[in-house]
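For reference, the chains in residue letters:
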Amino acid sequence: MCGIVGYVGSKQACPILLEGLSKLEYRGYDSAGIAVYDGNKIDVKKARGRLRVLSDMVDGGQNVKGVMGIGHTRWATHGEPSDVNSHPHVSSSGRFAVVHNGIIENYLPLKKRLMEKGFQFVSETDTEVIAHLFEYYYKGDLLEAMTKVLHRVEGSYALGVLCSDYPDSFVAVRKASPMIVGVGRGENFIASDVTAILNHTRNVYYLEDDEIVMLSADSVKIYNTDREEIKKEIFRVNWDVSSAEKGGYEHFMMKEIEEQPKALRDTISPRIKDGKIVLDEVSLTAKDIASLRKIYIVACGSAYHVGVVGKYTIERMCRIPVEVEVASEFRYHDPLISEGDLVIVISQSGETADTLAALKEAKSRGARILSIVNVVGSAIANASDDVIYTWAGPEIAVATTKAYSTQLAVIYLIAVYMAEKLGKLTDEQYKNLISELSALPDKVAEILKNKEEIQYLASQFFSCKSIFFIGRNIDYAVSLEGSLKLKEISYIHSEAYAAGELKHGTISLIEEGTLVVALATGSALYDKTISNVKEVKARGAVVMAVTAASREHTEDVCDYVIRIPDADELVLPSLSVVPLQLFGYYVASLKGCDIDKPRNLAKSVTVE
Ligand code: F6R
């Protein structure tokens with residue numbers, strides 16, 4: 001939530017900040033602002049609304065002069081989206097300008113103290129206390145003021161701070177909120193994520209918690225909170241610049257749906273060598289795996305839905321009990337974790353606050369953490385014992401697609417890897433599963449060739465008021481994701497149910513014309529799900545089925561049938577989710593929704 005960018009160099013800062021913010025807008029988009037040192041004072045411009053409002057205000061950056069500045073795009077937490085609550089926030093004297101991502105948990109007592117000392121607050125934000133604290137502690141040394149501020153604040157933060165006494169440099173810090181430092185030639189950057197600076201440099205430092213960075217055009221110095229300089233290694237980012245751009249697509253979401261075959265290939269193929277799954281990242285030995293009593297999977301939103309597939313898959317293949325839980329619940333129910341239990345944490349961003357907190361909770365109880373993460377060097381990756389990266393590349397659309405698919409692929413890799421180590425697979429089964437995994441990217445590509453079919457179906461149903469998704473076992477897990485995809489971007493009310501559960505209450509909502517999307521992909525439960533389809537049809541529902549190519553007679557029962565390629569039941573979720581992503585996308589598009597930036601949402605949720 002909230003995106004930060006900062007620049008110091010010899011070029012005009014404002015256009016660079018605006019360009020960086022345009023790449024970070026997915027992190028929050030209810031207001032935006034910049035602060036640029038104009039050679040004399042700090043010039044602040046900020047506005048409620050999308051970045052284009054700010055951009056128009058500063059004439060694309062031409063109106064604001066200066067070669068050093070910071071910028072922010074906001075997802076409101078404290079105080080409504082408004083001009084005054086937008087960042088940057090300035091101290092009373094105008095000497096300091098601050099951008100912040102995260103939450104200052106003790107801002108109320110700090111605000112009270114500062115008000116008693118005569119500081120006047122203009123906004124409702126937690127961030128404003130930081131600007132005033134800098135003013136309070138500053139005695140001519142910016143680094144010293146920073147360390148004093150850090151000793152007072154509690155919570156999570158990524159901060160960029162300009163001080164008008166420092167015409168050539170600015171400071172930044174992070175704790176439990178992301179921030180990277182970009183190192184260029186004669187120019188340096190900070191950003192919430194690398195996509196914001198990829199056009200300028202690929203050399204980055206990943207900051208650890210409470211590492212303070214002081215940047216000028218020619219130098220980047222990193223300090224700890226005792227103001228001792230720290231030496232860090234520069235990391236070279238190999239993401240393609242185009243991966244963070246729309247490249248001719250109307251929306252990032254469609255681009256990312258289309259990128260799934262490549263993302264799957266990049267995630268799966270390096271981990272299959274000579275016909276074996278090789279997970280160099282996993283330190284669990286065969287003996288460790290054999291002694292696992294239980295596995296927990298913890299995540300939020302779509303990543304949690306991957307976990308639900310993971311439960312079915314790992315339990316079936318490895319015969320180890322798996323509990324899957326949303327992170328915001330897990331962390332507060334005193335989970336029954338014992339020393340050595342395995343907790344699989346799934347997160348695209350690697351910075352989701354609840355997921356990170358659940359990870360820490362599990363770790364403090366002696367669990368071993370294996371995470372599945374997309375963003376390299378993120379907080380969740382750093383806090384884990386082992387990390388398997390999903391090589392999906394940057395995911396910009398708020399609604400996840402390619403990250404979900406690659407997380408699923410990693411879950412399969414883990415399940416097959418562990419099942420083999422446990423001796424649960426014959427050679428032939430193992431070989432067959434590996435070839436199923438290798439074939440996934442092409443099968444997804446095949447589904448994407450029939451986008452028009454889904455577009456047509458979307459045109460039939462985009463004015464529905466409510467849509468139900470049903471399925472059994474892994475089909476139920478995918479129903480959860482299909483329903484979320486649809487509702488979050490199209491704003492159509494939607495629910496997912498285990499197909500056998502409808503008649504315990506929900507079926508009373510089915511009336512003439514209600515759309516029910518039925519997933520009936522696997523052969524084992526096909527007939528059972530079709531019986532549930534008949535139940536809703538008898539109550540007037542219109543049924544759209546998603547099934548595998550070789551299932552028979554689906555058309556006899558269902559009004560519309562989407563066919564996916566045949567595959568082993570293990571990997572069917574990777575295929576069945578694709579038409580559902582497309583369906584959500586086209587429905588939202590026909591309704592004229594803001595697909596990449598749905599209302600009220602932000603890409604990475606760094607608040608509880
Ligand atoms: C939905 C979506 C969210 C995320 C969730 C977790 O399309 O993207 O539900 O899956 O917020 O985010 P990460 O994976 O970054 O922890």
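Treat the numbers as computed from the prediction; the structure is a model and nothing was measured.

Asks: Please set out the packing of helix 13 (residues 402-421) against helix 19 (residues 572-590) residue by residue, giving values where relevant.
Replies: Between helix 13 and helix 19, the least distance of the axes is 10 Å, while the angle of their chain directions is 170°. With respect to their mutual orientation, helix 13 and helix 19 come out roughly antiparallel. Taken together, the residues of helix 19 that come into contact with helix 13 (itself represented by Tyr 404, Ser 405, Leu 408 and Tyr 412) are Pro 573, Ser 574, Val 577 and Gln 581. Grouping the constituent residues of the contact of helix 13 with helix 19 by class yields 5 nonpolar, 3 polar and no charged.

Asks: Summarise the side chain of Glu 325; cite the residues concerned and give the values.
Replies: Tracing the chain through its elements places Glu 325 in strand 19 (residues 322-326). Buried within the structure, Glu 325 lacks any salt-bridge partner; Lys 294 is the closest side chain of opposite charge, at an N-O distance of 8.6 Å. Ignoring sequence-local partners within four residues, the contact set of Glu 325 consists of Ile 297, Val 298, Ala 299, Tyr 304, Phe 330 and His 333.

Asks: Could you give me a rundown of the pattern of salt bridges, with the residues and numbers involved?
Replies: The full count for this structure, using the stated rule, is 37 salt bridges. Lys 294 is paired through a salt bridge with Glu 323; the nearest N and O atoms lie 2.7 Å apart. Of this pair, Lys 294 sits in the loop between helix 8 (286-290) and strand 18 (295-299) while Glu 323 sits in strand 19; the two residues are 29 residues apart in sequence, bridging distant segments of the chain. As a salt-bridge pair, Glu 315 and Lys 311 come within 3.0 Å of each other at their nearest N and O atoms. Taken as a pair, Glu 315 and Lys 311 lie in helix 9 (residues 301-318) at a separation of 4 residues, close to a single helical turn. Overall, the relative accessible area of 23% leaves Glu 315 in the partly exposed class. Among the charged side chains, a network of salt bridges with common partners joins Arg 95, Glu 135 and Asp 165.

Thresholds applied
Residues numbered from 1 in each chain as written. Predicted model: local features only at pLDDT ≥ 70, side-chain atom pairs only at ≥ 80, totals over all residues. Heavy atoms only, no water. Axes fitted to C-alpha atoms, helices over the stretch in contact; angles between N-to-C directions. Helix = DSSP H or I, 4+ residues; strand = E, 2+ residues; numbered from the N terminus. Parallel < 35°, antiparallel > 145°, perpendicular 65-115°, else oblique. Contact = heavy atoms within 4.5 Å. Nonpolar A, V, L, I, M, F, W, Y, C, P; charged D, E, K, R; others polar. Buried < 20%, exposed > 50% of the residue type's maximum accessible area, 1.4 Å probe, protein only. Lys, Arg positive; Asp, Glu negative; His and termini not counted. Salt bridge = Lys/Arg side-chain N within 4 Å of Asp/Glu carboxyl O.

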